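For reference, the chains in residue letters:
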Amino acid sequence: ALAYEYTDEDTNEDMLRFDILRKGNYAEGPNPVVDHSFNIEYEGINYSDGAAFNIKYLDGQFYYVIAHYTKPYVASVDYATGNMTYTEGNSYLTEVYDQNYNKVANVDVPLDYSGAMPDMHGFGIMANNDLSLGYYSGDGKINVVITHYDYIVSTDSYLYSFDVYDAEGNLIKNICDEV
């Protein structure tokens, strides 16, 4: 896969593009050919952890994972005071596609605004089992592990929680809280 940043000519938004390459055939020549492209807004990956794009190989099939916020995490910054305004109504979206580029999972986790700042999220923190086929549920279906980060002002540190979601975005298991 190739990844690069570009500016969308229609919206003037900075974007990230992830190209999936395959071998060229006889008519296309010997060089790799772009088989499919995934595009996300660049600001959607700020304040998330883990890679925005992942390729996983499970049970003989490739899966492509795109993880990002649906809106920019920070709406504005007052550089004189350092105060940030956070985008309201935001969520962390993890989309999973099969090797034929069909969406097979859509996990949309709303942000919790109850702390000093909204919780932050990430995908890909649990190593090999962050995307699995039934590892946590036991049913052979897609499981997605999302990491939640809660900022603690008094210690300038974070508490981490790990939750497992099914392909429809339903919480199916809590691995641990506030570690």
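Cut-offs used in this document
Residues numbered from 1 in each chain as written. Predicted model: local features only at pLDDT ≥ 70, side-chain atom pairs only at ≥ 80, totals over all residues. Heavy atoms only, no water. Patch = residues over 30% accessible without salt bridge, like charges linked within 9 Å, V, L, I, M, F, W, Y side chains within 5 Å. Areas by Shrake-Rupley, 256 points an atom, 1.4 Å probe, with all protein chains shown as cover. Salt bridge = Lys/Arg side-chain N within 4 Å of Asp/Glu carboxyl O. Helix = DSSP H or I, 4+ residues; strand = E, 2+ residues; numbered from the N terminus. Phe/Tyr/Trp six-rings, centres within 6.5 Å; stacked < 30°, edge-to-face > 60°. Buried < 20%, exposed > 50% of the residue type's maximum accessible area, 1.4 Å probe, protein only. Core = buried A, V, L, I, M, F, W, Y, C linked by side-chain atoms within 4.5 Å. Pairing = 2+ DSSP bridges. Axes fitted to C-alpha atoms, helices over the stretch in contact; angles between N-to-C directions.

Chemist: Even after reading the chapter, I still don't get a nonpolar patch on the surface, so can you show me in this structure?
Modeler: On the surface, a nonpolar cluster with roughly 320 Å² of combined accessible area is contributed by L2, Y4, L21 and V34. Examined against the element boundaries, L21 turns out to sit in strand β2 (residues 14-22).

Chemist: I'm lost on the packing of aromatic side chains in this one. Help?
Modeler: Two numbers describe a pair of aromatic rings. These are the distance of the centres and the angle of the planes. Enumeration over the complete set of coordinates arrives at 18 aromatic pairs. When the ring of F18 is compared with that of F53, the centres are 4.7 Å apart and the planes differ by 10°; the resulting orientation is stacked. Of this pair, F18 sits in strand β2 while F53 sits in strand β5 (residues 53-58), placing them 35 residues apart in sequence. Each member of the pair F18 and F53 is classed as buried. Taking 5.4 Å as the distance between ring centres and 55° as the angle between the ring planes, the aromatic pair formed by Y151 and Y158 counts as tilted. Y151 sits in the partly exposed class, given a relative accessible area of 23%. An aromatic cluster of three or more residues is present, and its members are F18, F38, F53, Y64, Y97 and Y101.

Chemist: How do you make sense of the pattern of salt bridges when you look at a structure like this?
Modeler: When charged atoms on two side chains of opposite charge get close, those side chains can pair. Throughout the structure, instances matching the rule amount to 5 salt bridges. A salt bridge links R22 to E28; the shortest N-O distance between them is 2.9 Å. When the shortest N-O distance is used, the salt bridge between R22 and D35 registers 3.1 Å. On the criterion of sequence distance, the pair formed by R22 in strand β2 and D35 in strand β3 (residues 33-41) is long-range, its members being 13 residues apart. Taking relative accessible area as the criterion, R22 reaches 31% and is therefore assigned partly exposed. Of the residues examined, D35 reaches a relative accessible area of 37% and is grouped as partly exposed. Each of R22, E28 and D35 takes part in one network of salt bridges that share partners.

Chemist: How do you make sense of the nonpolar core when you look at a structure like this?
Modeler: The nonpolar side chains of a soluble globular protein tend to be buried with one another. Counting residues in each nonpolar core, the largest one holds 24 residues, and the members touching the most others are Y73, V96, F123, L131, I142, V144 and I146. Elements that contribute at least two residues to this core include exactly β6 (61-69), β9 (91-98), β10 (103-110), β11 (120-123) and β13 (142-152).

Chemist: Help me understand the pairing of β10, please; the structure alone is not making it clear to me.
Modeler: The two faces of the sheet receive side chains in turn, since in a regular strand these alternate between them. As defined by bridge partners, β9 adjoins β10 across 7 bridges and the pair is classed as antiparallel. Within β10, the position partnered with V96 by the bridge is A105. Connecting β9 to the antiparallel partner β10 that follows it, the hairpin turn spans 4 residues, and Y101 within it adopts a positive phi of roughly 70°.

Chemist: Whenever I open this one, the sheet that holds β2 confuses me. Can you help?
Modeler: As summarised here, the arrangement of the 3 strands in space is β1-β2-β3, forming an open sheet in which the pairing is antiparallel. The open sheet terminates on both sides in strands that have one partner only, identified here as β1 (2-7) and β3. Across the sheet, the mean angle separating the axes of adjacent strands is 30° when strand polarity is ignored. Note that β1 and β2 share 6 bridges and pair antiparallel. Each residue of the ladder has a partner; that of L2, found in β2, is D19.

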